[in-house]
Amino acid sequence: MKKIKISPSILSADFSQLGKEIKKLEVGGADMIHVDVMDGHFVPNLTIGPPVIKALRKYTSLPFDVHLMINPVHKYIKDYANSGADIITIHPESCESVSDSISEIKKFKKKVGLSLNPDTEIGVIKDYLGEIDMVLIMSVFPGFGGQKFINDVLEKIRNLSLIKKNLNLKFDIEVDGGINFSNFKDVLNAGANILVSGTTIFKENNGDIKKNIDFLKSI
Ligand code: DX5
Ligand code: ZN
């Protein structure tokens with residue numbers, strides 16, 4: 001039985017209380033904290049950067065699952081590594097050289113994630129699957145929380161899961177965007193083992209974080 005992990009996205013948290021919100025996620029049973037970094041260039045939104053991540057580091061010992069939606073990305077990897085990121089996920093769409101950026105993340109002894117937008121094929125990252133820790137499949141176009149899950153992505157998750165099995169690889173499959181109580185089981189059955197959720201975790205059941213996280217683990 002695979003272990004399901006929940007990585008709540010703080011994009012949906014109260015940005016004026018991020019430290020306390022992270023504490024609530026830890027108490028509520030989160031396995032890691034999904035930190036959405038946006039630069040207003042790779043995506044049409046701007047969020048937080050290394051100084052804020054550094055300030056949040058002391059609020060939890062949970063891994064920081066840092067999703068870099070920035071372009072350029074390579075030259076900033078060291079700043080995110082030094083700010084306290086544990087998993088650094090980059091988009092090949094923003095890399096000059098994916099292998100150089102993978103090596104840069106590894107240089108800082110961080111886990112490597114590669115993220116695919118809904119319209120980016122698995123083939124773009126196929127050559128790197130043996131050297132990374134996680135593939136982050138976007139089920140919305142990145143930039144905002146609260147968007148609708150793109151169902152076509154289920155096929156991509158199934159295909160990636162099949163490639164992982166056939167090549168006997170160990171990377172995690174994380175899915176991010178629009179995950180809710182009606183679609184999370186389809187996502188897990190398609191082969192994902194880590195769910196990112198912002199809106200559902202922070203807003204459902206009057207914001208009962210523990211109840212919402214428990215429900216997403218209850219397959
Ligand atoms: C979108 C972010 C997602 C998003 C998830 O660009 O990468 O992590 O915050 O939020 P929900 O769960 O609200 O779609
Ligand atoms: Zn994200």
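Preceding this paragraph is the structure being described.
Residues numbered from 1 in each chain as written. Chains lettered and ligands numbered in written order. Predicted model: local features only at pLDDT ≥ 70, side-chain atom pairs only at ≥ 80, totals over all residues. Heavy atoms only, no water.

Considering the pairing of strand E6 (residues 134-138)
Reasoning step 1: Burial runs high along E6: 5 of the 5 residues are buried.
Reasoning step 2: Side chains Met134, Leu136 and Met138 project from E6 onto one buried face, and the interleaved Val135 and Ile137 project onto a second face that is buried too.
Reasoning step 3: As paired elements, E6 and strand E7 (residues 172-176) share 5 bridges and run parallel to each other. Paired with Met134 across the two strands is Asp172, which belongs to E7.
Reasoning step 4: Viewed along the sheet, the connection from E6 through helix H5 (residues 153-166) into E7 turns out right-handed. (Buried < 20%, exposed > 50% of the residue type's maximum accessible area, 1.4 Å probe, protein only. Helix = DSSP H or I, 4+ residues; strand = E, 2+ residues; numbered from the N terminus. Pairing = 2+ DSSP bridges. Right-handed = clockwise from strand over helix to strand, strands pointing away.)

A look at the site of ligand 1
Reasoning step 1: The local shell around ligand 1 holds 21 residues, among which Asp36, Gly143, Asp176, Gly198 and Thr199 are the closest.
Reasoning step 2: Taking His34, its side chain carries an N or O atom lying 3.5 Å from an oxygen atom of ligand 1.
Reasoning step 3: Contact with the protein chains removes 99% of the 380 Å² of surface that ligand 1 exposes when unbound.
Reasoning step 4: The dominant element in the shell around ligand 1, judged by the number of residues it contributes, is strand E2 (residues 33-38), at 3 residues. (Near = heavy atom within 4 Å. Polar contact = N/O pair within 3.5 Å; in protein donor to acceptor, adjacent residues only side chain to side chain. Areas by Shrake-Rupley, 256 points an atom, 1.4 Å probe, with all protein chains shown as cover.)

Here's the deal with unusual backbone geometry
Note on backbone geometry: most residues besides glycine have negative phi, and most peptide bonds are trans.
Reasoning step 1: Between Asn71 and Pro72 the backbone carries a cis peptide bond, its omega angle lying at 0 degrees.
Reasoning step 2: Looking at where Pro72 falls in the secondary structure, it is placed in the loop between strand E3 (64-69) and helix H3 (77-83).
Reasoning step 3: In the Ramachandran plot, Asn168 falls in the positive-phi region, its phi being about 55 degrees despite a non-glycine side chain.
Reasoning step 4: Counting through the fold element by element, Asn168 comes out in the loop between H5 and E7.
Reasoning step 5: Phi angles above zero are rare outside glycine, and Asn205 is one such case at about 50 degrees.
Reasoning step 6: The partly exposed category is assigned to Asn205, whose relative accessible area is 34%.

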